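Summary of the model geometry
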Amino acid sequence: MDISAIGLNISEEHRAAAETAHRFAMEVMRPAGITLDKMSDPRDVISRDSILWKVYKKHRELGFHKGAIPKAMGGIQEDVDALTAILVQEQLGYGDAGLAMSFGVSMMPFIIASIFAKPEIEGFVREYCEDTEGKMVGCWAFTEPDHGSDWILGAQPGFDQPQYAPSVRAIRNGDDYVLQGQKSSFISNGAIATHGAIYVSLDRSRGMKGTGIAFLPLDLPGVSRGKPMDKLGLRSYSQGEIIFEDVRIPEWMMLIPDSELALNISQTLFAAANGSLSLTFVGLAQAALDEALKYAKTRIQGGRPLIEHQSIKLKLFNMFTMVESARAYARQVALESAMQPPGSAKHSLSAKILATETAYHVASEAIQIHGGYGMSREFFIEKLFRDARVGMLGEENNSLALLGASYL
Ligand SMILES: Cc1cc2nc3c(=O)[nH]c(=O)nc-3n(C[C@H](O)[C@H](O)[C@H](O)COP(=O)(O)OP(=O)(O)OC[C@H]3O[C@@H](n4cnc5c(N)ncnc54)[C@H](O)[C@@H]3O)c2cc1C
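Just so it is clear, the structure is predicted and the values come from calculations on it, not from any experiment. (Residues numbered from 1 in each chain as written. Predicted model: local features only at pLDDT ≥ 70, side-chain atom pairs only at ≥ 80, totals over all residues. Heavy atoms only, no water.)

Moving on, we get to the domain arrangement of the protein. Domain parsing of the protein yields domain 1 (12–130), domain 2 (138–261) and domain 3 (263–407). The gap between the C-alpha centroids of domain 2 and domain 3 is 30 Å. Listed as interface residues are 22 residues of domain 2 and, on the opposing side, 20 residues of domain 3. Surface buried jointly by domain 2 and domain 3 totals about 1800 Å² across both partners, of which 68% is contributed by carbon and sulfur atoms. Of all residues in domain 2, Trp 140, Ile 152 and Leu 234 bury the most surface against domain 3, accounting for 32% of the area lost on that side. At the boundary of domain 2 and domain 3, one finds zero salt bridges. Along the contact surface separating domain 2 from domain 3 lie nine residue pairs in polar contact (both at pLDDT 80 or more). Mapped by element, the contributors of at least two residues to the side of domain 2 that touches domain 3 are helix H7 (149–153) and helix H8 (259–298). At four residues, the largest contribution of residues to the side of domain 2 that touches domain 3 is made by H7. A per-class count over the side of domain 2 that touches domain 3 returns 13 nonpolar, six polar and three charged. (Domains from an automatic or database assignment. Contact = heavy atoms within 4.5 Å. Buried area = accessible area lost by both parts, 1.4 Å probe. Salt bridge = Lys/Arg side-chain N within 4 Å of Asp/Glu carboxyl O. Polar contact = N/O pair within 3.5 Å; in protein donor to acceptor, adjacent residues only side chain to side chain. Helix = DSSP H or I, 4+ residues; strand = E, 2+ residues; numbered from the N terminus. Nonpolar A, V, L, I, M, F, W, Y, C, P; charged D, E, K, R; others polar.)

Written as structure tokens, this is what we have:
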């Protein structure tokens with residue numbers, strides 16, 4: 001495997017970690033991602049006998065799920081330096097961006113729980129870290145049918161009015177809270193998650209600014225799921241609604257009852273998620289470039305391989321330039337975030353936008369190089385193109401660059 005290492009001091013340990021991730025990406029994630037993508041019914045993707053669970057198990061055995069959780073709570077955070085995490089994430093995106101996103105989201109509630117550790121919740125974090133089967137799967141649920149971008153923009157001025165209040169409410173009832181409402185069909189891992197970080201309205205009069213974050217197991221009475229979404233791309237991972245009907249939780253499950261803190265931590269989490277997504281989609285962009293190169297070396301037209309035609313060579317070189325630029329920026333932003341947490345929200349958002357748009361553009365050019373075969377579902381590039389397109393939508397929609405502009 002050839003690691004693009006420009007500007008970085010990559011040690012043998014880094015290289016070994018990237019090699020391990022690359023093997024997992026190519027031997028386990030890539031073939032499973034292709035199989036899952038071809039399933040016409042999204043319920044098959046998550047059925048108990050789905051290959052998805054073998055991939056989850058292997059990911060857990062490698063310990064990739066606990067890299068952001070401190071040792072004191074069963075994780076390995078102190079042993080994983082920022083560069084290792086960056087190289088691993090790129091490889092996971094190279095293998096299959098959908099599965100990489102599923103793994104990333106799965107960590108979220110446990111990471112949040114590890115930051116705001118309460119004695120009652122610590123046990124869940126430890127159990128997650130020890131899970132080598134993929135039995136514990138997390139989700140991070142903020143959006144609702146009536147509030148999508150509102151959640152992303154919620155910290156901006158003006159969103160403190162009651163009309164912006166989230167529809168999932170947590171109502172105080174004695175020592176407990178009672179949850180009511182529905183999260184959107186976009187919730188990553190929504191149909192399979194066993195535990196969730198659920199954003200709730202605590203004070204409707206304060207709109208988006210009156211929110212809290214609860215951590216809860218999703219097998220409590222009153223929790224139900226919608227059916228997994230049938231979607232254009234990233235089909236290897238499941239998204240779906242979560243519905244709360246009179247779900248009673250003890251006070252300690254309201255992990256962050258302080259709205260100011262909930263908003264602040266959310267900005268940090270969005271920045272971290274965008275950082276991770278940018279690396280994932282740099283991986284996808286590299287995969288698309290590699291597919292184009294492979295095809296251009298073997299397809300003969302005009303009596304010689306496509307790559308020997310100057311116009312194709314130039315196209316490939318432009319694609320290479322774009323991938324390397326997006327990679328350098330995504331890595332730099334991730335390194336800065338690790339050195340000075342929580343990092344810069346505007347840089348993380350712009351890195352995510354650059355990486356996903358690069359992945360989309362490079363995948364589109366790669367399809368062009370494949371000619372008519374580019375549209376065939378038999379060719380892997382067709383899947384990469386669909387996956388790249390969906391990457392521009394989630395989790396912070398790229399057209400919300402206006403949010404980035406508000407940071408300037
Ligand atoms: C792959 C993927 C994974 C996701 N994972 C999760 C998850 O794990 N958890 C979760 O809670 N959600 C998740 N989402 C949901 C995601 O956060 C929302 O799709 C996103 O916030 C946009 O909301 P929406 O789709 O309802 O679009 P809308 O908010 O309805 O927006 C529609 C269009 O209008 C634009 N727009 C919206 N508001 C404004 C405004 N005020 N000014 C100008 N333009 C505006 C948007 O940019 C967009 O182009 C995911 C989505 C995707 C695609």
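Further notes follow.
Another point: the pattern of salt bridges. Going through the model one piece at a time under the given rule, you end up with 22 salt bridges. Of the charged contacts in the structure, one is a salt bridge between Arg 386 and Asp 37, with a shortest N-O distance of 2.8 Å. Taken together, the residues span a long stretch of sequence, with Arg 386 in helix H11 (residues 380–391) and Asp 37 in helix H1 (residues 12–37) at a distance of 349 residues. Given a relative accessible area of 10%, Arg 386 falls into the buried group. When salt bridges that share partners are traced, they join Asp 37, Arg 377, Glu 382 and Arg 386 into one network. (Buried < 20%, exposed > 50% of the residue type's maximum accessible area, 1.4 Å probe, protein only.)

This next bit is on the UniProt feature "domain: Acyl-CoA dehydrogenase/oxidase C-terminal" (unreviewed entry) in the protein. Residues given the UniProt feature "domain: Acyl-CoA dehydrogenase/oxidase C-terminal" (unreviewed entry) here are residues 270–394. In residues 270–394, helix accounts for 77% and strand for 3%; the two terminal C-alpha atoms are 11 Å from one another. (UniProt positions renumbered as here; feature names shortened; annotations may be inferred.)

Next up on the list: the nonpolar core. One finds Phe 281, Leu 316, Met 319 and Ile 369 to be the most contacted residues of the largest nonpolar core, which totals 46 residues. Listing elements by their share of this core, those giving two or more residues are helix H4 (82–95), helix H5 (97–115), H8, helix H9 (310–339), helix H10 (345–369) and H11. Summarising the domain contributions, this core has at least three residues from each of domain 1 (12–130) and domain 3 (263–407). Excluding residues that lie within four positions of it along the chain, Ile 369 makes contacts with Ala 292, Tyr 295, Ala 296, Leu 306, Ile 312, Lys 315, Leu 316 and Met 319. (Core = buried A, V, L, I, M, F, W, Y, C linked by side-chain atoms within 4.5 Å.)

For the largest pocket, the calculated volume is near 1400 Å³. Of all the elements in the fold, those that place two or more residues in the lining of the largest pocket are H4, H5, H8 and H9. Composition of the lining of the largest pocket by domain shows at least three residues from each of domain 1 (12–130) and domain 3 (263–407). (1 Å grid on protein atoms, 1.4 Å probe; cavity = no way out; pocket = protein on both sides within 12 Å on 5 of 7 lines; lining within 4 Å. Points joined across faces, edges and corners; volume = space filled by probe spheres on them.)

Our focus in this paragraph is the packing of H9 against H10. Where H9 meets H10, the axes come as close as 9 Å, and the angle between the chain directions of the two elements is 160°. By the angle class used here, H9 and H10 are roughly antiparallel. Note that H9 runs across H10; the crossing there is left-handed. A class-by-class count of the residues in the contact of H9 with H10 yields 15 nonpolar, eight polar and two charged. (Axes fitted to C-alpha atoms, helices over the stretch in contact; angles between N-to-C directions. Parallel < 35°, antiparallel > 145°, perpendicular 65-115°, else oblique. Left-handed = near helix turned anticlockwise from the far one by under 90°.)

Attention now goes to the UniProt feature "domain: Acyl-CoA oxidase/dehydrogenase middle" (unreviewed entry) in the protein. Feature annotation in UniProt places "domain: Acyl-CoA oxidase/dehydrogenase middle" (unreviewed entry) on residues 139–247, given in this structure's numbering. Counting secondary structure, residues 139–247 comes out at 5% helix and 36% strand; the distance between its end C-alpha atoms is 17 Å.

It is worth spelling out the state of the cysteines at this point. Per the stated rule, a full pass over the model turns up zero disulfides. Unpaired in terms of disulfides, Cys 129 finds its nearest cysteine sulfur in Cys 139, a separation of 17 Å. Assessed through its relative accessible area of 0%, Cys 139 is described here as buried. (Disulfide = S-S within 2.5 Å.)

Tracing the sequence through the fold places Ala 85 in helix H4. Residue classification places Ala 85 among the partly exposed residues on the basis of a relative accessible area of 39%.

As for its placement among the helices and strands, Arg 60 is situated in helix H3 (residues 52–61). Leave out the neighbours within four places in its chain, and Arg 60 touches His 65, Ser 106, Tyr 128, Asp 131, Thr 132, Glu 133, Gly 134, Lys 135, Met 136 and Val 137.

If you trace the backbone, Lys 231 turns up in the loop between strand E6 (223–225) and strand E7 (242–250). As for Lys 231 and Arg 386, which are separated by 155 residues in sequence, their C-alpha atoms are 9.7 Å apart. Setting aside anything within four residues of it in sequence, one finds Lys 231 in contact with Tyr 237 and Gln 239. Here Gln 239 takes part through its side chain, which lies 2.7 Å from a polar atom of the side chain of Lys 231.

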